[in-house]
Amino acid sequence: MGPMKTNSFFRAFATAAVAAVGLVFPATAKTQPASAPVDLRIEFDRPVLPADTVQRAIVKIGLTGCRPECPTDRPPVNLVIVLDRSGSMGGDKIEQAREAAIEALRRLDRRDVFSLVIYDHEVSTLVSPQAPVDLQRLERQIRGITSRGNTALFAGVSQGAAELRKNLERSGFVHRVLLLSDGLANVGPSSPDDLGRLGTALRREGIAVTTVGLGDGFNEDLMAALAQRSDGNHYYVAESGDLPRIFAAELGDVLNVVAQQIEVTIEFPEGVRVIRSIGREAECRDRNVSFGLNQLYGGQEKFLLVEVEVPAAKADEVRTLARARASFAGASGDSRQELRAEGRVRHTHDEDLVKREANRQVQTEYAANSIAEAKSQAIALADAGRQEEAARVMRERSARLYGSAVYFKNPAMQAVAEEAKLEAEEVAEKGIGNEKRKAMRADAYKTTNQQRQ
Amino acid sequence: MSAAPRRVWLPWLLLLVPTLLIGAAALWLLWLEQQRIDQAAFDVRQRAQVALQARAQVAADNIELLVSEIRDGLLRELAETPDRDLEALLANWPRTNPLVAETFLWRPDQAALAWPPADTPERRAFRQRHAVLFGGGASSLAAAVRQEQLQTDRDAALPRSGPLAQASVEAPENREVVASQSVRLAVQQAARSSAFAAKNMVLPDEAAKKDTADEAYASRATEDSARAKTKFKAAERRYGSSEFKGRVPGATMSSAAKAEVESPAPAADAETPRRNGHPEPLLMDAAVVPWREPASGWLGRSDAGQVFFLGWWQPAGGGAVRGVELNLPAVLERAHALVPTRTAEGARFALHGPGEAFAEAPVRIPLSTTLPGWTLVAWPGAAARLESLDVGGGFFVVAALLVGVFVVSIVAAGVLFFRQAAAAAREAALKTSFVSNVSHEMKTPLTTIRMYTEMLADERVDNPEKRSRYFATIGRETARLTRLVNNALDFGRLEAGRKEYRPEAIALGPWLARLVETYAPRATELGVRLVATPPGADAAVRCDPDSLDQMALNLIDNGLKYGAAGGVLELRTEAVAGGWAIVMADRGPGVPAAHRERIFERFHRVDDSLTATKQGAGLGLTIARRLARDQGGDLVCHAREGGGAAFVLTLPAVTT
């Protein structure tokens, strides 16, 4: 775990050095085994807070997967591709989908398990779960897929889950459903809420569903809900030509899992009031916040932002503001490990110091997630026919963030706010069309779930 | 004259009758075959339908078994968890069990939810959507629990053997039979109750308009029947099968009967008022245990278009009700895995939720016991294709067309054959007539020539005048023979198409004068006056002179032969478009209308008998017309006004 070691060593060195100079207080204290594949951190938007006043602070609980040392040192993957072959997929779309599936297949090796389910108004398993050994035969089978019929999305996902479940007990596998659809689910349960509930159930079994929406006919709410609740990725692909790239990216993630079944709980000390979690869904209960991840990929950071109210404190008082505990299974799903981290803040009367020490990255990330929230609100408002209000929500949010960015001299955050402003103007002018809505939904999803592609 | 048609008709009938008979027989056999195919297809379809139905039923049973096992398992877990571990179970279950959406703990005495707290959006949503259930009142969970308790109370009050004896007159050893009947009845009853429930679920708006409490229904009976189905799993079951059997007859009672039983209980009367004539929530009897034993059940609710199933369990003697809300999509996902995939014959299966179109599925099995509103549907495969092949008796139509073509072609070939035979026969008759005519024609001049030659040879004629007359007669008869032979030769040449023409311009004036001069003596001899109207100097035609002479000879010969009685034969010319017409008209008996065209046919004579008064071979007019037509002209016959016949010979004018 070379890179990780260097990383943590550097971090430790940097904190120690800075602490010695006395400029910054070490914000994070960690107790974790040196070889852990995951790095748990607590950061604040402002590690130094003004004294004697009640403050609102943004707490970031971040998990970074360390890149595995050896590329072959990855957990085997139990992958099912669930392909929509309904009539609307005809022509180039089904062709690209076939190529994308083959692309994904080629990235697997014989330790993995591959299966492929196709659905229209009925569902069938084209490739039953098997190690991808006879690639030529499998590719021939995939190339034989043609389009027809309706969209029984729920049954397709069910069948996919059933195929995965055949190998669910085998330890160490990463279980993944890769769902491609270009149409509205019109057979079987088809509300975003139903699919969300299904996603929740699948996540508890360790199955993540990555949803790929193709073209302008699919229901992005449903696809996003399914991905989000099962902790998979969600992609919006406007041009079918992008499909192979998206599948490859997804496989890149899946083949790069460093930890699974991650449960994180954050405990805040008495006096601190949890206001809400931002972006990623989390369970907030009194002073405890918890969230879970199905999988963590190497070299990727997943985080949760929590807004809290911090009681007034005297200047120069240092106190622990949050304690986090993460438990996870290794890549191969073996014994569970645990990590702990603490986050501390210092209070001061020096306003400049507060400004200077502000964590620009956390601020920017907060801004992006806040914008994502605003986008979801705007979509809901536009759906209700309140286009003006939708634009206003985005405009106000971007204006507020812009103000903060200027105050803290944070150019990255400023850029995020400016971009949101432009988008707000676009919404005001053109409303949220079908394509725009899908793009916004996918963007918001990527931001809140820290998805790379 | 009748022998020839009989000869023709006999083989004709021999051909036609069997053909028609065989055709009709073939059609009849084909029709029978079609019936057989239809029947076979129907049987296949029927068998496929039965097999499909059976397969779908097995799948539906499996799904119901799965869901009821899930339900039983959850309730068992709720029931078996000791109080001290309850909080942990309630808190952790929704996070660890994929099939559990939410848990709850409800205190009937306070009509309040002790769990879950309203601390997360999910939990707040749960409390909100089921508020009506936990608030109290007749149709809430309280009512369900109370009804359940009353039911168990009633059942406990009845002697064990009582209901059995009432429900069945059969001997006690037939308990198993009674039980299975009861199960069926319970299933039917459950189907009724779930129909009500499904109605509520598919029409959430309508349900919302009602008192929302009415949405709730209890599915205890359904539960019970599902358990009855799974009673082979007795070891797993919490409650003994003897108790179950003792309880089953209760489940067979109709709702009305139950209402009667319940109504005397003042508590029930006071606390379960009926609303607006709506049926009471169908609270099925299914208590597995008598009063003061734990009670449990399932409720189905719909809220904002979504369906929720809640299971509850109350410990013995009352107390806090523990409950669980199913994660229905997760249950459905598992149920989908039990839906059969497409069979080798192409039969398809699907699970349809409330309000989904059935797309005319021939097999529908409602999963009313455990998933009211959901239906397992199936479409047949190969049998349906067979059906499409046989739509409208396709086999018969095609086969009948083939038979029809066969019969028609045989009949048509027969017709052609017989027409040809008749034509050949006619030809033969004509030739016979021709030969006899020609022979007869030749015989007469030959006889004359022979007689006069003999008389002259015997030198019996002394008178020189007489002798010269005899010589003239011999000469005339020889000329007649020559004409006859010439005509016969010409006819042969024309028939073979070997006649050669040497056309040249012929001025009609001089030609007509020469004609009159040549024929006047013979006409005078026969007492006929030849009257010729001389044409203008410009009248000229282009024709082979020999053929023109022959045409004129034949026509004048005819006119002298048949029209002599009229005493006059007129010859004149007329200008017509593109040529000249030479008209020869007599005042004889004329040509009957029916023969006016046929006289130009070869060998045709108006009087064809050997006893005919006029001689001839039936060739003259045929040859004349052929000669005229070969040279661009024509020859026709008209009736003449005032009697007689007019023959019009048209010939092309001389082109400059």
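Residues numbered from 1 in each chain as written. Chains lettered and ligands numbered in written order. Predicted model: local features only at pLDDT ≥ 70, side-chain atom pairs only at ≥ 80, totals over all residues. Heavy atoms only, no water.

1. Considerations on the overall build of chain B
For step 1, the next point in the chain: From N to C terminus, chain B includes 19 helices and 16 strands.
For step 2, the next point in the chain: Looking at the 656 residues of chain B, the share that counts as buried comes to 45%.
For step 3, the next point in the chain: By sequence separation, contacts in chain B at least 24 residues apart represent 69% of the contacts at least 6 residues apart.
For step 4, the next point in the chain: In the form shown here, chain B has an accessible surface area of approximately 32700 Å², with 58% of it arising from carbon and sulfur atoms. (Helix = DSSP H or I, 4+ residues; strand = E, 2+ residues; numbered from the N terminus. Buried < 20%, exposed > 50% of the residue type's maximum accessible area, 1.4 Å probe, protein only. Contact = heavy atoms within 4.5 Å. Areas by Shrake-Rupley, 256 points an atom, 1.4 Å probe, with all protein chains shown as cover.)

2. Structural notes on the packing of aromatic side chains
Residues and elements named next belong to chain A.
For step 1, the next point in the chain: As enumerated under the stated definition, the model contains five aromatic pairs over all chains in all.
For step 2, the next point in the chain: Taken together, a centroid distance of 5.9 Å and an interplanar angle of 45° make the contact between phenylalanine 218 and tyrosine 236 tilted. Of the two residues, phenylalanine 218 is situated in the loop between strand S9 (207-214) and helix H6 (220-230) and tyrosine 236 in strand S10 (residues 234-237); the sequence distance between them amounts to 18 residues. Residue phenylalanine 218 shares its accessibility class with tyrosine 236, and that shared class is buried.
For step 3, the next point in the chain: Taking 5.0 Å as the distance between ring centres and 90° as the angle between the ring planes, the aromatic pair formed by tyrosine 407 and phenylalanine 408 counts as edge-to-face. (Phe/Tyr/Trp six-rings, centres within 6.5 Å; stacked < 30°, edge-to-face > 60°.)

3. Concerning a nonpolar patch on the surface
For step 1, the next point in the chain: Nonpolar side chains collect at one region of the surface, where B:Trp9, B:Leu13, B:Val17 and B:Leu21 lie side by side and expose about 410 Å² of accessible area between them.
For step 2, the next point in the chain: Assignment of secondary structure puts B:Trp9 in helix H1 (residues 3-80). (Patch = residues over 30% accessible without salt bridge, like charges linked within 9 Å, V, L, I, M, F, W, Y side chains within 5 Å. Salt bridge = Lys/Arg side-chain N within 4 Å of Asp/Glu carboxyl O.)

4. Here we look at the interface of chain B and chain A
For step 1, the next point in the chain: Between chain B and chain A, the residue contacts involve 28 residues of the former and 28 residues of the latter.
For step 2, the next point in the chain: Taking both sides of the interface into account, the surface hidden between chain B and chain A amounts to around 2300 Å²; carbon and sulfur atoms contribute 47%.
For step 3, the next point in the chain: For the pair chain B and chain A, the interface holds three salt bridges.
For step 4, the next point in the chain: Among the ionic pairs, B:Arg334 bridges to A:Glu205, the shortest N-O distance being 3.1 Å.
For step 5, the next point in the chain: Our count for the chain B to chain A interface comes out at seven residue pairs in polar contact (both at pLDDT 80 or more).
For step 6, the next point in the chain: Going through the elements one at a time, helix H2 (83-96), helix H3 (121-129), strand S5 (306-314), helix H13 (328-337) and strand S7 (348-352) of chain B are the ones with two or more residues in the side of chain B that touches chain A.
For step 7, the next point in the chain: Top element by residues in the side of chain B that touches chain A is H13(B). It accounts for eight residues.
For step 8, the next point in the chain: Here the residues of the side of chain B that touches chain A sort into 11 nonpolar, eight polar and nine charged. (Buried area = accessible area lost by both parts, 1.4 Å probe. Polar contact = N/O pair within 3.5 Å; in protein donor to acceptor, adjacent residues only side chain to side chain. Nonpolar A, V, L, I, M, F, W, Y, C, P; charged D, E, K, R; others polar.)

5. Structural notes on the pattern of salt bridges
All names here are of chain A.
For step 1, the next point in the chain: Inspection of every chain in the model, using the stated rule, returns 61 salt bridges over all chains.
For step 2, the next point in the chain: Across the pair arginine 85 and aspartate 120 runs a salt bridge, and its minimum N-O distance is 3.5 Å. Placement of arginine 85 in the loop between strand S5 (77-84) and helix H2 (92-106) and of aspartate 120 in the loop between strand S6 (113-119) and strand S7 (123-130) is noted, with a sequence separation of 35 residues between them. Residues arginine 85 and aspartate 120 agree in their burial class; the two are buried.
For step 3, the next point in the chain: What you see here is one network of salt bridges that share partners, running through Asp39, Arg41, Glu43, Lys60, Glu301 and Glu365.

6. Side note on the sheet that holds S10(A)
Residues and elements named next belong to chain A.
For step 1, the next point in the chain: Ordered in space as S7-S6-S5-S8-S9-S10, the six strands form an open sheet in which the pairing is mixed. Whereas interior strands pair on both sides, the edge strands pair on one side only; in this sheet they are S7 and S10. Averaged over all neighbouring strand pairs, the angle between strand axes comes to 15°, with direction disregarded.
For step 2, the next point in the chain: Strand direction decides the pairing type here: S5 and S6, joined by seven bridges, are parallel. Looking at S6, one finds that valine 80 is bridged to serine 115.
For step 3, the next point in the chain: Here H6 sits on the sheet in contact with strand S8 (174-181), S9 and S10, set at roughly 155° to S9. (Pairing = 2+ DSSP bridges. Axes fitted to C-alpha atoms, helices over the stretch in contact; angles between N-to-C directions.)

7. With respect to empty space enclosed by the protein
For step 1, the next point in the chain: Applying the stated criterion across every chain yields a total of 11 cavities of 30 Å³ or more.
For step 2, the next point in the chain: In this model, the largest cavity occupies a volume close to 180 Å³.
For step 3, the next point in the chain: Taken together, 17 residues make up the lining of the largest cavity; nearest its centre are A:Val123, A:Ala155, B:Val339, B:Phe349 and B:Ala350.
For step 4, the next point in the chain: Listed by contribution, the elements that provide at least two residues to the lining of the largest cavity are helix H4 (153-165) of chain A together with S7 of chain B. (1 Å grid on protein atoms, 1.4 Å probe; cavity = no way out; pocket = protein on both sides within 12 Å on 5 of 7 lines; lining within 4 Å. Points joined across faces, edges and corners; volume = space filled by probe spheres on them.)

8. Focus: the nonpolar core
For step 1, the next point in the chain: In terms of nonpolar packing, the biggest core is built from 72 residues, with A:Leu153, A:Leu179, B:Ile63, B:Leu351, B:Leu371 and B:Trp374 touching the most fellow members.
For step 2, the next point in the chain: The biggest single contributor to this core is H1(B), with 11 residues.
For step 3, the next point in the chain: Sequence-distant contacts of B:Trp374, defined by excluding residues within four places in its chain, comprise B:Val307, B:Phe309, B:Leu328, B:Leu332, B:Leu351, B:His352, B:Gly353, B:Pro354, B:Ile365, B:Pro366 and B:Leu367.
For step 4, the next point in the chain: Counting residues in hydrophobic clusters, the runner-up holds 45 residues, among them B:Leu548, B:Leu627, B:Ala628 and B:Leu651. (Core = buried A, V, L, I, M, F, W, Y, C linked by side-chain atoms within 4.5 Å.)

9. Some words on the sheet that holds strand S11 (residues 529-532) of chain B
Residues and elements named next belong to chain B.
For step 1, the next point in the chain: Spatially, five strands are ordered S11-S13-S14-S16-S15 in an open sheet, and the strand pairing comes out mixed. If you trace the sheet from one side to the other, it starts and ends with S11 and strand S15 (634-639), each paired once. Neighbour-to-neighbour, the strand axes of this sheet turn through a mean angle of 20°, independent of strand direction.
For step 2, the next point in the chain: Against the sheet, helix H18 (residues 545-562) makes contact with strand S13 (568-576), strand S14 (579-586), S15 and strand S16 (645-652), and its axis sits at roughly 175° relative to S16, the strand it touches most.

10. A look at the packing of H6(A) against helix H12 (residues 434-448) of chain A
All names here are of chain A.
For step 1, the next point in the chain: Two numbers describe how H6 lies on H12: the axes approach to 10 Å, and their chain directions differ by 15°. When the axis of H6 is compared with that of H12, the two are roughly parallel. Judged by the twist between their axes, the crossing of H6 over H12 is right-handed. Residues Glu220, Asp221, Ala224, Ala227 and Gln228 of H6 lie in contact with H12, whose contacting residues are Arg437, Lys438, Arg441, Tyr445 and Thr448.
For step 2, the next point in the chain: Here the residues of the contact of H6 with H12 sort into three nonpolar, two polar and five charged. (Parallel < 35°, antiparallel > 145°, perpendicular 65-115°, else oblique. Left-handed = near helix turned anticlockwise from the far one by under 90°.)

11. Observations concerning H18(B)
For step 1, the next point in the chain: Under the 1.5 Å per step criterion, the end-to-end length of H18(B) is 25 Å for 18 residues, consistent within 8% with the ideal 26 Å.
For step 2, the next point in the chain: When you tally the buried positions in H18(B), you get 13 out of 18 residues, the bulk of the element. (Expected span 1.5 Å × (residues − 1).)

12. Some thoughts on helix H16 (residues 464-496) of chain B
Residue and element names in this part refer to chain B.
For step 1, the next point in the chain: With 33 residues, H16 extends 47 Å between its outermost C-alpha atoms, agreeing within 8% with the 48 Å of an ideal straight helix rising 1.5 Å per residue.
For step 2, the next point in the chain: The set of residues buried in H16 consists of Tyr470, Thr473, Ile474, Glu477, Leu481, Arg483, Leu484, Asn487, Asp490, Phe491 and Leu494.
For step 3, the next point in the chain: On the buried face of H16, the contacting elements are helix H15 (394-457), helix H17 (508-526), H18 and helix H19 (620-630).
For step 4, the next point in the chain: Its side-chain oxygen placed 3.0 Å from the backbone nitrogen of glutamate 465, asparagine 463 serves as the N-cap of H16.
For step 5, the next point in the chain: Two residues or fewer past H16, glycine 497 is found with a positive phi of approximately 75°.

Note that every value here comes from positions in space, so none of it alone points to a role or purpose.
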